[in-house]
Each structure stands twice: as structure tokens, then as C-alpha cells.
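# Structural characterization, general
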Amino acid sequence: MASSLHNLLSEDGFPPRKPPKKPNHIPDSAPITLPIYICHDRRSFDSSSSHRPRSDANSISDPAVDAAATKAMIAILTGYIAQFSRSTAFRANIRDKSTKILKKSAAAAAEDEESREALKLAEIGIESVERLADGNREKKLDLEALQRCIKILDRAAAASGRKTSSRVAACARLYLSITYKIARNDKIAARNLLQVFCDAPALARTRLLPELWEHFFLPHLLHLKIWYTTELENLAGLINGAEKEKRIKSLNHLYREKMDSGTVEFALYYTEWLKTGARAPSVPAVSLPSKPMSKSRRKSSESTSSYHSSSSKLLYQAVFGANVKRQSMDFDSRNVWDFVGEDVKHCNYIHKKAVSHRRSSSLKDEMQKAELLLPDTNKSDYFRFLGCKSEPAECFVSKIEKISVDDDVSDVPSRSSDVAGAIAAVCSSESLADCEAAVRALSKAWLAAQGDARLQLEASLSRAAVIQGMLEVLYVSDDDEILELAVSILAGLAALSEANRRCVLASDSQLSVGLRMLRSSSLFLKAAALLYLVRPRAKQMVSMEWVPLVLRVLEFGDQLQILFSVRCSPHEAAYYFLNELLTGFDEDRNFENAKQVISLGGLGLVARRMDEGDVSEKRRAASLLRLCIRADGSCRHFLVKNVKEAILALLVLEKNQENHALALLFELLCISRLNKRIEFLSGLREGWECLNTLHILLLRLHKARPEERPLVAVVLLELDLLGDASGGSVYRDEAVDAIISALDCSVFEERVQQQAARALLVLGGHFSYTGEEEIEQWLLRRAEIRDICVGLMKEDEKMREDWQGKAALALLTSGNTRLLTALSESIANSIPSLARACLVTICWISSHLPSIGDRDLRLAACSIFTPRLMECLIDNSNNLEEKILASFSLYSLTNGTDYFSQQPRTENEVMNCLQKLSRATWTAKELVSLIKNSSSSVRFLSV
């Protein structure tokens, strides 16, 4: 039967292969050897390839360390210490910790000359690195100082490693790592950082670098933490205080030793990755202590094959059911803790400190419940974590038509020689081996059945108990072939009907099975396809593992996955999951997930997929990139360099009613550095293939929805500004006409006015590092409101003035009085956000009117804007900032003119307002002086 099954599978796209060797390490956590997004060799993830990674001892040679995985690991480690140059708080924290450690070591090494020298060198080295970081922040890196730092710290680490405390070596290595990061040698920086955990693991994980340890090392050692928590719970029940204290002390010592040794093992493991041309090392297997620390509160038989302490038994029963029969499953002691720790592994690594307390109380409750249930429970339910064995096997045998399965499959037990027996085994057998054999038989039947027999088989397999049984096999088995077949059957059932889809989802509502399969190094793409078919929602995707696991699917999901008759793109699955993760929660959690995507390198991955994918993928990628920008606006600085061509391609290829490319393009205009913005626009203007970008946008402007038109117009206008702003341009005229139309208050559409307000603020051209519009703050700063705009980025003001002057000239020459009137009317009649944006726009345009040199245009602006601005000054509903902007605009319009001398009167109310404002802004003071000195002020004003 085995050979015929492989033949059938080969016909359907599955290559023949040897049955995988059962691993002797923790099955769920081993496939991903890093706690976060680090990918391995692409070949090992191609589930349709016959070149699966070899794990047998007789393999000719181990595979080389994967370059992509190494690069990701280095990025994680050096990304952590890169905070030294960016964050003052992080830098002070590291300095404070290191200083305390060195002081403590100095007392112990007072009589040893070599130790004193090592300490002195470490202190000098730390001071040197501090100065080096200051220079690097100011972009004045001193190479000689850099070399001195490295030599000093190298000597400190080497000297302290021989006779003095390893604490000094750890501090020296940490600052060496920082030094190499400043020098941009990330590989050596990572090596030195790993050496910190080798030199002083206890110090590094508890005091010096606890956050990094929890994020990077703890996921490998969670089974130790679970064991420790459970043993501590059991020791709490001891009556004898002295005995209890003694055992707790012994337990703590043993736990710390195990954690330290495990940390060293994994630090050395990752150090091997850094060796050029090295073979892939074996993943360390950190075992649990050989015997429990607590005495059993119940009598239990001893066994040499498994861990039989009371804590192990009761905890296991609390999770999987009472009166457990283990002998049929052949798991070693570590698998128990692997399953128990499942939901611990799902916790956010950043918040691990809270896990211990929560886990402690819940374990106690569950163990107490298990003790109460133990005497009255006889049912064996070893691996029934879903609790679905509610219907006896006989019911299935009587309900299912006998559908023959060829008897040449020798490895299927006699009770599974037909479909009914195989289904009964999946639904009720307590033997994993029988269930696995049944999955093989059902897979062959699925592939062979035709016509009515196929319909009968599909109906039989669509029962809830069958689906639940398949999921249980997926949760327990570690045979890749069985897992692949079970995934394929479930995928076929989910694609068959909505009822089956809902049943799969309901049976694994917390997606424990799904996560386990996504962690697999060989089947994660097929697992992603299955999960995509059942469409989980964000509320079920609460684990922080989802983001790195989905990014891995996106990275390696190039090939279509074939699950028997179902075909699915892993990329589509990845985009679905990412969209749920970034939009399906509340805003804080959505942003947290988006920031995790960015921190794990997902931004570059999505940008690359946008560049390489078809129009559908470009659209999805653009949507995800916008979500990332919303969560962290600073990522614009990366994207403007990497998505120009992809945006232009999407602008051309996407349908008229879609605006993903336009929305992303508009977001990328909001970048703080003007030179980068102009560089980005220049790259866009080069065009896509043989198409002119200005023409692409002009066509898009004509077909855009009303609320999109002001955004397209601003992009088109900014691209046109790269040319000669003084000459005529059809693109400029069309863009300004679209802006004027959006300002038309006679046709009130709130969505259009909201987008018009945003477009005007972006046209102002001032943004923070994270992309917030700051044109208003910039104007207020020019008017000397000193307590506003703290921390605004300093730019080349001359360059900004020139660019803004070109924009003002383009608007005024193309829009003329139509634009002036539209802006003025919008202040009085539009929604508040647009009224404010128009006031800001009038302010910066007015400041450039004198340089334009068109006297008639300036007089027209005065006659149109000045009455409206005076109304703004005396309107009590306007706040201080609006009044200041109005006075600034009024001063720019009237300074150097005889406007006030020609007016019959200037209201006392206006003068009173200006006099009050003069305490806050120089423009009001100048206006008061201007009005007083005018010939009309003598006749009409009384001060």
C-alpha cells in the first residue's frame, strides 16, 4: 500500500520520499530555531521539492549555514544595541548597569594587579565609546579613536577573562559590540554581543541585557521555566517550613544553573552561524533536570521511560484529561512540557515578565481540579486536547457506507482496512500509530475515489468528529508525511463547503494547531494555505508569533501549494493574515503588530514583493505599507528609496476605482527632508517604461473620484514644479483647476473638503520626521511663538523658501483671482479643518507675494484677503493661533503698500485685537505701527 500511495501522491504533485525520522527533540519549537523572524534556506521550505533537509546521521555533509538566516540574526542582535546611538535613556541605562558591575568587581580584585589593569582598561574603554557615540551622532566619526576603543576593550576582555571576574569581560564585550556597531561592522558586533552571554550568562540575562535575553534566548528555554513554575507550585504544599525552604533553595539553584548553561549553549550555537563557510550546527537540546524536586502527593508508579513526578502527572492530566495512558504515544519527558507550554509560547516576548505570575495561579487551579477528578474518571484521552471523542466508533461504522480501500497497503491495521474503519480510528482510537495509519488510508481513498464514491467519501469525512480527529493528529504527530496528508484532507474539506470551513475553525478556535503547523520548517506553506481556506479572524490571532510566522510565509511563498485537488497561493494567505493582524484589533494592537512587522524586516520584504508581484500583489502590498506608515511614519524614509517604480506601475495597472498607489504616493510626499522629497519626485518624473508620469497622473486626475482629485492635483503640481515654474504648463493649470473645484463651497461634500484640507497642508511642504504636517507650526515659529514646535527638524531654510516660492508662483499664475476667491470663501463657509488649512495656505502664499513682482496680483490679493483676515482677527470663536496666522498674512499683504491709507476706516476692534496680539507676535506690532503711520489712521483711529 505504501508504494501505491506514493504513486498516487506523485501523480497529484507530491514527490516520493522516505518516511521522516521521528525527532528526539521538542517537536513544536524546534523547526524555528529563532524566536522571531529568521528564515532558513529557501530550498528547505519548498514543500513541493524533493530536496528536503536531511537529518539522518549518515548524510554525507551537513548543510551550510543559511546566509539569509544569519543576516536576520545579526540584524536582530545589532538592532538592539543600535539603540545606544539613538536613545539617550538606553545609553544611560547601559552605562549605569556597567558602572555598578565594574565597581562591584573592583572590590573583589583589589589585590590583583592584572585584575586592576583590566578594570581600568574597561573604564577607559567605556568612556571612549561614550565620546565616540557623541561624535557619531554629530556625523564626526574619528577613525583613530575608533581603533583605540577596540584595542582598549579587547585588552580588557582578554585580561579579565584570565584571572578576574567574567563580569568585567562581559562589560568589555558589550561595549566592543557597540563600538563595532558604530563602525558598521555588524557581524563582529553580533559576535561580541553573543560572547557577553558566554562570559557571564547569569549577569547578562538578569541584569545587563535582560530584555534581549527574554526576546532572543528565552523562547528556546521556556520548557525550563514551565518546569520550575510547576515544581515551585508543588513545593508550596509542603508543611515542614525548614524542608520547604531547603528544597526551594535547591530548586532555585538548579533552575539558575540550567538557564545559564542553556543560554551559553544557544549563544555558542548562534556564534557558529557567524563563521564563514561553516556547516549548520545541531540545535542544542537543553534537557529538564532528571528528577523532580517535590514529593508526590499521590502514590504513583516509577518508570524509567518518562517523568512520573506528581507535578508532571497532575499538570498533564489537567491539560489532557485524567487517568492518562502514556505508553502508546512514545513521547519522552520533554514533550509533556512542550505541549503544556504551548500557550506560554504564544505570549509576547516583550511582556514575558507577567507570564510567570499568571501561569502560576492558573496551574494551581488546574491541578486541584485534576486531583478531584482523578478517582472517578476512567476514560483514556491521552491526546484529546480538543475533547471531541463524544461519539463511539460503532456509530461511525454503522453510519458510513463501506468504501473499499486497496488491501495492498500493509502498514494500515486491519481495523482501518476500509474507509469506515479508518474514520472510526481517526475519531476514537487512543493509539497515535493507528490514527496515522488511518490518515494514510483516507488520503489514498480521497485520491482514488470518483463519482458517487467520491461524494459518499466527502460526506463521511465532513462530520465534525472526523475534522476534530484530524486536527488532533496534526497537534500530536511529528511525522511530516502524515501531517502533510492530514493538512491536504482538511484543506479539501474546507474548500468543499462553508460548513466544513466553520467546523475546522470552531474546532481549533485558538489556532493552536495552526500555529504548530506554521512553526514547521517543511510544511508551513501548506499550513498557511489551509489556514487561509478557513479564514480565521484577528480575534483568534492573538499570539505575537503570528507576525514573524506570516512574514516567513510571505518570504518563501513563491510557489503555488497543491493540497490534493486544492491549489492555493501562500502569498495570498500571507497578505490575508497581515491585513487581519494590522486592521482587525483596536488601534493600539494594530499599531503594535505593524511596528513588529517593521522591526522584523517586513517593510523591505513587502516593498520587494510590491516590486516583483503582479498587480493584485502590488495592490495588497501598497495597502500594507500604508498601514505600516500609519503605525510608524518614520518608515517613509526607507520606502521613498524602494517603491518608486512599483508605485508608478500600480498607478498605470490598477483599476480606475482603486487608489492604493495614489494613497501610498501621497503618504510618501510627507517626508521631512526636502532634498529627499525632491529626489523622490525626480525619480517619479522619469516615468514608467515608455509612459510619461505627468501624463499618467493627468489621466488619473480626469478619471478620479471627487475626493481623490485634490490629492492627485497636488502630486501632479509638485511634479510639475521640478520644471520651469514661470512658464505655462497644461499639467499645472489642470492641477490648480482641480484644487479650486475642491474648494467650491457651493457644492458641499465633507469628504471632498477633508481631502482638500489635507492636500493644501501637504502642499505647504513642512513635515516632522514621522510625517505630520507642520507648515502651520513653521509659520507660527516665524511669527515668534516660541513655546510651539519644540523639536522641529532644522532644515536648509533657503532651499525651503525657494521651493515654497515656486509653489506660490505656480498657484497664483495659474489660479489667479479664482484661487484667491476660493481660498477666502472657504475660510468663511467650509468645514473647520478646511477653513484652517486655507488660512495657513493664505499665510505662506502671502509671504511670497512681494517676490513675485506682479503689482496687480498683489492688489487683488489685498482686496480679496484683507477683509476676511480682519474678520478672523475680531471673531471670538477663533483661537490665538488662527489670529496670529491672520495677522501674519495681513502684514505680508500690506507691508510696503498704501492699502490702509486708502481705506475709509479701520475698525477699533481690529486695532484692539492687534495690540493684544503684539505681546505675542512681532507681525501684530508691525501692523499697529503701519496703521498708525498711515494717513488714514490720523483721521479714523483713536488710540
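Residue positions are given per chain, counted from 1 along the sequence in the order it is written. Whole-chain, interface and lining totals are the exception, using all residues; otherwise, since this is a predicted model, local features are given only for residues with pLDDT of at least 70 and side-chain atom pairs are given and counted only at 80 or more. Side-chain metrics in this entry use all non-hydrogen atoms of the structure; hydrogen atoms and water are not considered.

### Here's the deal with the overall build of the chain
The numbering of helices and of strands both runs from the N terminus, where a helix is a DSSP run of H or I of at least 4 residues and a strand a run of E of at least 2. In terms of regular secondary structure, the chain is built from 47 helices and two strands. Buried residues are those whose accessible area, probed at 1.4 Å on protein chains only, stays under 20% of the maximum for their type, while exposed residues exceed 50% and partly exposed ones sit between those limits. Looking at the chain residue by residue over its 943 residues, the buried ones come to 56%. Throughout, the Shrake-Rupley method with a 1.4 Å probe supplies accessible areas, and for residues the shown protein chains are the sole cover considered. Per element, the accessible surface of the chain, about 40,700 Å² overall, is 49% carbon and sulfur.

### Notes on the confidence of the model for the chain
Here the chain averages 76 in pLDDT, and 73% of its residues register 70 or above. Confidence scores per residue from the predictor, reported as pLDDT, run from 0 to 100. For this analysis, residues touch if any pair of their heavy atoms sits within 4.5 Å. Confidence drops under pLDDT 50 across residues 1-62; counting only partners more than four residues distant or on other chains, this segment forms 154 contacts. Across residues 935-943 the pLDDT falls below 50, and counting only partners more than four positions away or on other chains, this stretch makes 18 contacts in the model.

### Re the packing of helix 21 (residues 464-476) against helix 22 (residues 480-496)
Close contact between helix 21 and helix 22 brings their axes to 9 Å; oriented N to C, the two are set at 150°. The angle between the axes of helix 21 and helix 22 places the two elements in the roughly antiparallel class. The two elements helix 21 and helix 22 meet at a crossing, and its hand is left-handed. Across the interface between the two elements, Ile467, Met470, Leu471, Val473 and Leu474 of helix 21 pack against Ile482, Leu483, Ala486, Val487, Ile489, Leu490 and Leu493 of helix 22. For the contact of helix 21 with helix 22, the residue count by class is twelve nonpolar, no polar and no charged. The axes are straight lines fitted to the C-alpha atoms, using for helices just the contacting stretch, and the angles between their N-to-C directions are given from 0 to 180°. Should an angle fall under 35 degrees it is called roughly parallel, over 145 degrees roughly antiparallel, and 65 to 115 degrees roughly perpendicular, with every other angle called oblique. Note on convention: near helix rotated counterclockwise from far helix by under a right angle means a left-handed crossing. Clockwise means right-handed. Nonpolar residues are Ala, Val, Leu, Ile, Met, Phe, Trp, Tyr, Cys and Pro. Charged residues are Asp, Glu, Lys and Arg, and all others, Gly as well, are polar.

### Focus: helix 36 (residues 709-720)
A helix is expected to reach a length of 1.5 Å times the quantity of its residues less one. Along its twelve residues, helix 36 runs 16 Å from first to last C-alpha, staying within 8% of the 16 Å computed at 1.5 Å per residue. The element helix 36 is largely enclosed, with a buried count of eleven among its twelve residues. For helix 36, the set of buried residues is Pro710, Leu711, Val712, Ala713, Val714, Val715, Leu716, Leu717, Glu718, Leu719 and Asp720. Buried-residue contacts for helix 36 involve helix 33 (660-669), helix 34 (674-685), helix 35 (693-703), helix 37 (730-742), helix 38 (750-764) and helix 40 (797-829).

### Side note on a nonpolar patch on the surface
Together, Val652, Leu653 and Leu691 give the surface a local cluster of nonpolar side chains, amounting to about 210 Å² of exposed area. For Leu691, the location among the structural elements is in the loop between helix 34 and helix 35. Note on patches: the residues involved have over 30% relative accessible area and no salt bridge, like charges join within 9 Å, and the nonpolar side chains Val, Leu, Ile, Met, Phe, Trp and Tyr join within 5 Å. Definition used for salt bridges: Asp or Glu carboxyl oxygen within 4 Å of a side-chain nitrogen of Lys or Arg.

### Looking at helix 35
Residues of helix 35 that are buried include every one of Thr693, Leu694, Ile696, Leu697, Leu698, Arg700 and Leu701, and no others. Buried residues in helix 35 make contact with helix 32 (644-653), helix 34, helix 36 and helix 37. Among the residues of helix 35, the N-terminal cap falls to Asn692, whose side-chain oxygen and the backbone nitrogen of Leu694 are separated by 2.7 Å. Residues adjacent in sequence count toward polar contacts only when both atoms are side-chain atoms; beyond that, a polar contact is any pair of N or O atoms within 3.5 Å, and within protein one must be able to donate a hydrogen and the other to accept it.

### Some remarks on the packing of aromatic side chains
Aromatic ring pairs are reported here in terms of the distance separating the ring centres and the angle at which the planes meet. Between rings of Phe, Tyr and Trp, where Trp is taken as its six-membered ring, a pair exists when centres lie within 6.5 Å; planes separated by under 30 degrees are stacked, by over 60 edge-to-face, and by other angles tilted. Per the counting criterion, the structure on display carries 16 aromatic pairs. Ring geometry for Tyr532 and Tyr576: centres 5.7 Å apart, planes at 65°, overall edge-to-face. Of the two residues, Tyr532 sits in helix 25 (residues 524-534) while Tyr576 sits in helix 27 (residues 570-583), which places them 44 residues apart along the sequence. As far as burial versus exposure is concerned, Tyr532 and Tyr576 are alike and both buried. Chaining the aromatic ring pairs together yields one cluster made of Phe197, Phe216, Phe217, Phe266, Tyr269, Tyr270 and Trp273. The ring centre of Phe585 lies 4.7 Å from the NZ or CZ of Arg589, which sits over that ring. Two limits define a charge over a ring: the Lys NZ or Arg CZ must be within 6 Å of the ring centre, and within 35 degrees of the ring normal.

### Some details on the nonpolar core
To form a nonpolar core, buried Ala, Val, Leu, Ile, Met, Phe, Trp, Tyr and Cys residues must be joined to one another through side-chain atoms within 4.5 Å. Counting 204 residues, the largest nonpolar core has Trp546, Phe577, Met610, Ile647, Leu743 and Trp844 as the members making the most contacts within it. At eleven residues, the largest contribution of residues to this core is made by helix 40. Contact partners of Trp844, with chain neighbours within four places excluded, come to Leu763, Gly764, Ile775, Leu779, Gln804, Ala807, Ala808 and Leu811. Among the nonpolar cores identified, the runner-up in size contains 71 residues, and Ala69, Leu121, Ile178 and Trp227 belong to it.

### Re unusual backbone geometry
Phi at Arg184 is positive, roughly 65°, even though this residue is not glycine. On the basis of relative accessible area, Arg184 is assigned to the exposed category, the value being 75%. A positive phi angle, close to 60°, is found at Leu511, a residue other than glycine. Inspection of the secondary structure assignment puts Leu511 in the loop between helix 23 (498-507) and helix 24 (512-519).

### What to know about the environment of Cys838
Note on placement: Cys838 falls in helix 41 (residues 832-846). The exposure class assigned to Cys838 is buried, which follows from its relative accessible area of 0%. Each C-alpha atom, one on Cys838 and one on Leu823, is 5.6 Å from the other, the two residues being 15 residues apart in sequence. Excluding anything up to four places from it in sequence, Cys838 contacts Leu743, Leu760, Leu823, Ser826 and Ile827.

### Here we look at the packing of helix 39 (residues 775-782) against helix 44 (residues 880-894)
Where helix 39 meets helix 44, the axes come as close as 10 Å, and the angle between the chain directions of the two elements is 65°. The angle between helix 39 and helix 44 places the two elements in the roughly perpendicular class. Of the two elements, helix 39 crosses helix 44, and the hand of that crossing is left-handed. The segment helix 39 lies against helix 44, with Glu776, Leu779, Leu780 and Arg782 engaging Glu881, Ile884, Leu885 and Phe888. Among the residues forming the contact of helix 39 with helix 44, the class breakdown is five nonpolar, no polar and three charged.

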